[in-house]
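Read off the chains here:
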Amino acid sequence: MIIKQIVFSLLLLFIIFFALRVVYGLLVFMFKRNTSAMYVPSFNRHIRLMKDNLKLVRWKKLVDLWCGDGKAMRFFFRTFGVYCDGYEIQYFPYLYGKILNKLLWYPDLRLLKNDFLIADIHGYDYIYVYLLPQQMAAIEDWIFKRMNTDAIIISNSFQFAVHTPYDVIKDKKWKPSIYLYKKD
Ligand SMILES: C[S@@+](CC[C@H](N)C(=O)[O-])C[C@H]1O[C@@H](n2cnc3c(N)ncnc32)[C@H](O)[C@@H]1O
């Protein structure tokens, strides 16, 4: 009986947070003038594409610079066993991600409530970005100057303005979808 109640409460909690997330997304979409901080988790089709095509080395370190609720980080950890840190500037995705990580039992993922600009990206083997082209262009110099010589940038959906990817993963319709970069 008590187990039923616990399961029911957890389910209810999950539904409430999911509903809040949808409402939050809608409010941001309707009222935010600056779309630079839009909270849009990676789509499942991109996650599947990365699962089928990437080969990341277990126990290496990945950072998601704009991590939202940490969806991509959970995928990278679950699939490749890489350690993941993520930076998120807004409270809602950060707290929601923290709760999801607790509920879904991802104790090793580090979600940090901070601007990614404080990140020391030199220490990471993989850098994951899911940003619009103008945001990619804005951080291009910053990222390429600081990244490790052996690191790989995994960019979901969008390209940098100046640098050329060394590999591009296309989806089933041959649409370029995941761009991979190394330091020049
Ligand atoms: C596209 S979503 C992230 C999706 C996530 N990377 C994923 O793949 O599931 C972009 C997130 O970046 C956050 N963000 C925007 N500017 C930021 C900054 N300067 N530092 C850290 N996070 C930032 C936004 O709050 C938003 O939640």
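Coordinates for the structure precede this section.
Residues numbered from 1 in each chain as written. Predicted model: local features only at pLDDT ≥ 70, side-chain atom pairs only at ≥ 80, totals over all residues.

A. Region of interest: the nonpolar core. The biggest cluster of nonpolar side chains holds 32 residues, and the ones touching the most others in it are Leu62, Tyr126, Ile127, Val129 and Ile153. Elements supplying a minimum of two residues to this core: strand 1 (61-64), helix 3 (71-80), strand 2 (83-88), strand 4 (126-129), helix 5 (133-146), strand 5 (152-156) and strand 7 (176-181). Among all residues touching Ile127, those that are not within four sequence positions of it are Val63, Leu65, Ile121, Ile143, Met147, Ala151 and Ile153. (Core = buried A, V, L, I, M, F, W, Y, C linked by C-beta atoms within 7 Å. Buried ≥ 20, exposed ≤ 12 C-beta atoms within 10 Å, placed from the backbone. Helix = DSSP H or I, 4+ residues; strand = E, 2+ residues; numbered from the N terminus. Contact = placed C-beta atoms within 7 Å.)

B. Fine view of helix 4 (residues 91-103). Between the first and last C-alpha of helix 4 there are 18 Å, a value that for 13 residues agrees with the 18 Å anticipated at 1.5 Å per step. The set of residues buried in helix 4 consists of Pro93, Tyr94, Tyr96, Gly97, Leu100 and Asn101. Downstream of helix 4 by a residue or two, Trp105 has a phi angle that is positive, lying close to 60°. (Expected span 1.5 Å × (residues − 1).)

C. Molecular detail of the pairing of strand 3 (residues 110-113). Bridge count between strand 2 and strand 3: 4 bridges; the pairing is parallel. Within the sheet, the bridge partner assigned to Asp85 lies in strand 3 and is Arg110. Handedness of the strand 2-helix 4-strand 3 crossover: right-handed. (Pairing = 2+ DSSP bridges. Right-handed = clockwise from strand over helix to strand, strands pointing away.)

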